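# Coordinates in review
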Amino acid sequence: MSSSDIFIGETIGTAVLILLGGGVCAAVTLKHSKAQNAGWVAITFGWGFAVLTGAYLAGGVSGAHLNPAVTIGLAIEGGTKWSDVPLYLASELLGAMIGAVLVWLTYYGQFRAHLNDPEILRAHSGEEGMVDQAAAPKAGPVLGVFSTGPEIRNAVQNVLTEVIATMVLVLAILTQGLNDEGNGLGALGALITALVVVGIGLSLGGPTGYAINPVRDLGPRIVHALLPLPNKGGSDWGYAWVPVVGPLIGAALAGGLYNLAFA
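What counts and what doesn't
Residues numbered from 1 in each chain as written. Predicted model: local features only at pLDDT ≥ 70, side-chain atom pairs only at ≥ 80, totals over all residues. Heavy atoms only, no water. Salt bridge = Lys/Arg side-chain N within 4 Å of Asp/Glu carboxyl O. Helix = DSSP H or I, 4+ residues; strand = E, 2+ residues; numbered from the N terminus. Buried < 20%, exposed > 50% of the residue type's maximum accessible area, 1.4 Å probe, protein only. Phe/Tyr/Trp six-rings, centres within 6.5 Å; stacked < 30°, edge-to-face > 60°. Axes fitted to C-alpha atoms, helices over the stretch in contact; angles between N-to-C directions. Parallel < 35°, antiparallel > 145°, perpendicular 65-115°, else oblique. Left-handed = near helix turned anticlockwise from the far one by under 90°. Contact = heavy atoms within 4.5 Å. Nonpolar A, V, L, I, M, F, W, Y, C, P; charged D, E, K, R; others polar.

### Describing the pattern of salt bridges
- This model, assessed by the stated rule, comprises three salt bridges.
- The shortest N-O distance in the salt bridge between Arg-153 and Asp-236 comes to 2.7 Å. With Arg-153 in the loop between helix H7 (143-146) and helix H8 (155-174) and Asp-236 in the loop between helix H10 (214-226) and helix H11 (242-261), the pair connects residues that are 83 residues apart, well separated along the chain.
- Exposure remark for Arg-153: the relative accessible area of 44% places this residue in the partly exposed category.
- Between Asp-217 and Arg-221 there is a salt bridge whose closest N-O contact spans 2.7 Å. You can see Asp-217 and its partner Arg-221 sitting in helix H10, four residues apart, about one turn around the helix.
- Arg-221 sits in the buried class, given a relative accessible area of 0%.

See the structure below:
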């Protein structure tokens, strides 16, 4: 496939992935949303459907990686040329940032209402009743709409959780071609991958929020830092490396394991 195919497919597909995935987080989190407090099951299925939609959109154009971990795993397995990897990664990051901006635009009124709500301000306030930017919590009151965060902050456990969860995802993708004909599963593969993402969220998402995708976390976190959101608090940059490094390690291990056990 051409460079333009990779750029267009990965940018649009990842933007839709983040729009729908971040959108369900916004719907469940923000005040004056009809889905507020819908819960973890809604989030996991929302992200699964987001993967499904993005993969269907981009599958015939770029292969629908939508995730640097998938790109790295496929490169190690041999299905993607290493020379194409930088373009995949850049396109995925750009798409993730675009998707996060679209979530903000879609829920613009809800973001404003949530971040000016007295109850939210008290929970994340400094002495003045507003979010104290200098002494703000590491995660601001709407950062969870954009990025992941741990329930227990332990770098080793947090990285290990992301490594394990991403290994499951990448191995599930790499082994889809192991049928009698040796071909991939085509459109059915996108559905299977989406269901795997739902399963990972339900089973392994509790400790860290299951980034399993470096740009899913990094792109929206950058947007959170840049957007003019009042009282938004911190972007938790001290944690930001975990959902990048963990999935990349998991992808590399999954690619190596695939080559050892299945190739």
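### Section: the packing of aromatic side chains
- Here the structure, examined in full by the defined rule, presents five aromatic pairs.
- Between Trp-40 and Tyr-210, the ring centres sit 5.8 Å apart and the planes meet at 75°, which makes this aromatic pair edge-to-face. In this pair, Trp-40 is assigned in helix H2 (residues 40-62) and Tyr-210 in the loop between helix H9 (187-204) and H10, connecting sequence segments 170 residues apart.
- Accessibility expressed as a relative area gives 36% for Trp-40, which makes it partly exposed.
- Classification of Tyr-210 as buried rests on a relative accessible area of 6%.

### Some words on the packing of H8 against H9
- It is at 10 Å that the axes of H8 and H9 come closest, and there the two elements cross at 160°. Comparing their axes, H9 and H8 come out roughly antiparallel. Classified by chirality, the crossing of H9 by H8 is right-handed. Mapping the contact onto sequence places Thr-161, Ala-165, Val-168, Leu-169, Ala-172 and Ile-173 in H8 and Thr-193, Val-196, Val-197, Ile-200 and Leu-204 in H9.
- Residues belonging to the contact of H8 with H9 are distributed by class as follows: nine nonpolar, two polar and no charged.

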